[in-house]
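Each chain, letter by letter, is given below.
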Amino acid sequence: MNLAEQVSLKPFNSFGVDVNAALFAQAHNDAEVRAALQLAQERQLPLLVMGGGSNLLLTGDVRALVLRMASRGIRLVEDGEQVLIEAEAGEPWHPFVQWTLAQGFAGLENLSLIPGTVGAAPMQNIGAYGVEIKDVFHSLTALDRQTGELREFGLADCNFAYRDSLFKQQAGRWLILRVRFVLSRQQTLHLEYGPVRQRLTEQGIDRPTASDVSRAICSIRAEKLPDPAVLGNAGSFFKNPVVSAELAAKVRAAHADVVAYPQADGQVKLAAGWLIERAGWKGFREGDAGVHKLQALVLVNYGGATGSELLALAKRIQADVVAKFGVELEIEPNVL
Ligand code: EPU
């Protein structure tokens, strides 16, 4: 395991924020993960585990051993109508999705082009276009950082919810090593969310395959969401707030066109992007910190923004949205 001191994390976080890690290492297998845990203990440093760094805002130098998961490998564990696929935590997410589609396995197509890694995906139960990872999740293997033991988690163990999981709730306890998914040779497609079906129709596709859906979603995402390689960002910076029916009605009374999705429990999910845009922040820029021109839910780093500047901007937006709509926005990425 290569170990280096005072390493810039700029290439390892999708915001492109330039801060240093006191110590930096990459783990390619379980043994290297264990070695890093031990080293952090010996040096009396906290251990910060990173995947693709695409859901992270770093607000200062990191006095920790930063461990980037770099383990690779994809395996077909069980074959049949349904297939069980296992991928190592360090596998980059989108190439993994493409690999499954190339094998003819459907299930992950709606989650195309999400940045990050396989191991980070369950942390926040990644979701897009009507599908969440929990819908195709089978199980995962994680290391208990307190005891050093390996533990298997099935679907029911993970407490998956909207952008949430047990692993996020018990932050710092579980280190995800590999994840298993149930995919299908049968194509049960989810086309009802947002512009997916419309995009396929525009492309002249009336009997889409899973790969067609993936391509349509890539084109939709590419139009609205900035490519982190070009413009630093961490995807949606806020969760879509779930509010009481009373509050939703109040917002709607003042703004008839508010985008709102009723939930099964009677609460209402509001589109945070709509609230932020309506509050006037879309396209806002101060220094190198800004709000994306095409999607108000995405904060962007035009180059030299610091994490603190991005966080200060987020706090101004939160305060303004409370003042204008009475709605609290929760920050989605991990702020460090
Ligand atoms: N909207 C606006 N103005 C904006 C942005 C959005 O009015 O600037 C409106 C849209 O017109 C639409 C509604 O808000 O009516 C929802 O917008 P969109 O479909 O773009 O999705 P979102 O709610 O903004 C969520 C996820 C995304 C995911 C998309 C598609 C969250 C926090 N974000 O965004 O996930 O790709 O749906 O499923 O749930 C991420 O988590 O990083 C992420 C990109």
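Residues numbered from 1 in each chain as written. Predicted model: local features only at pLDDT ≥ 70, side-chain atom pairs only at ≥ 80, totals over all residues. Heavy atoms only, no water.

An unreviewed UniProt entry lists the chain under the name UDP-N-acetylenolpyruvoylglucosamine reductase, with Pseudomonas turukhanskensis as the source organism. Under the UniProt heading Sequence similarities (unreviewed entry), the entry covering the chain gives this text: "Belongs to the MurB family." Reading the Subcellular location (unreviewed entry) entry of the UniProt record for the chain gives the comment "Cytoplasm". (UniProt positions renumbered as here; feature names shortened; annotations may be inferred.)

## Let's talk about the site of the ligand
Every one of the 22 residues lining the ligand counts as a neighbour, but Tyr129, Tyr162, Lys224, Glu277 and Ala296 are closest to it. The side chain of Arg163 places a nitrogen or oxygen atom 2.8 Å from an oxygen atom of the ligand. Asn240 is positioned with one of its side-chain polar atoms (N or O) 2.9 Å from an oxygen atom of the ligand. The biggest single contributor to the shell around the ligand is helix α7 (residues 272–278), with three residues. Among the residues forming the shell around the ligand, the class breakdown is 11 nonpolar, five polar and six charged. (Near = heavy atom within 4 Å. Polar contact = N/O pair within 3.5 Å; in protein donor to acceptor, adjacent residues only side chain to side chain. Helix = DSSP H or I, 4+ residues; strand = E, 2+ residues; numbered from the N terminus. Nonpolar A, V, L, I, M, F, W, Y, C, P; charged D, E, K, R; others polar.)

## Focus: the sheet that holds strand β6 (residues 74–78)
Sheet architecture is open: five strands sit in the order β6-β7-β12-β10-β11, paired in antiparallel fashion. Looking along the sheet, the strands with just one partner apiece sit at the ends: β6 and β11 (150–154). Sheet twist, expressed as the average angle between the axes of neighbouring strands with direction ignored, equals 25°. On top of the sheet, helix α1 (residues 30–42) reaches β10 (137–144), β11 and β12 (174–184); it is set at about 155° to β12, its chief contact. (Pairing = 2+ DSSP bridges. Axes fitted to C-alpha atoms, helices over the stretch in contact; angles between N-to-C directions. Contact = heavy atoms within 4.5 Å.)

## Let's talk about the side chain of Ser14
Tracing the chain through its elements places Ser14 in the loop between β1 (3–8) and β2 (20–27). The buried category is assigned to Ser14, whose relative accessible area is 11%. Residues in contact with Ser14, not counting those within four places in the same chain, are Gly53, Ser54, Pro228, Gly232, Asn233 and Ala234. (Buried < 20%, exposed > 50% of the residue type's maximum accessible area, 1.4 Å probe, protein only.)

## Concerning the side chain of Asp144
Looking at where Asp144 falls in the secondary structure, it is placed in strand β10. Only 2.9 Å separates the side chain of Asp144 from the backbone nitrogen of Gln146, close enough to count as a polar contact. What Asp144 contacts, discounting residues up to four positions off in sequence, is Glu149, Arg173 and Trp174.

## Description of the pairing of strand β19 (residues 298–301)
Burial along β19 is two-sided: Val298 and Val300 and Leu299 and Asn301, pointing in opposite directions, are all buried. Two elements, strand β13 (residues 232–236) and β19, share three bridges in a ladder whose sense is antiparallel. When the bridges of β19 are listed, Gly232 appears paired with Asn301. Judged from the three bridges that link them, strand β18 (residues 289–291) and β19 form a sheet pairing that is antiparallel. Residue pairing in the sheet places Ala289 in a bridge with Asn301 of β19.

## Considering the pattern of salt bridges
A full pass over the atoms with the stated rule returns 22 salt bridges. Glu192 is paired through a salt bridge with Arg197; the nearest N and O atoms lie 2.7 Å apart. Under the relative-accessibility criterion, Glu192 is labelled exposed at 63%. A salt bridge links Glu286 to Arg316; its shortest N-O distance comes to 3.3 Å. On the criterion of sequence distance, the pair formed by Glu286 in strand β17 (residues 285–286) and Arg316 in helix α8 (residues 307–325) is long-range, its members being 30 residues apart. Relative accessible area serves as the criterion here: at 39%, Arg316 is assigned to the partly exposed category. Residues participating in the shared-partner salt-bridge network are Asp30, Arg75, Glu86, Glu88, Glu152, Arg178 and Arg180. (Salt bridge = Lys/Arg side-chain N within 4 Å of Asp/Glu carboxyl O.)

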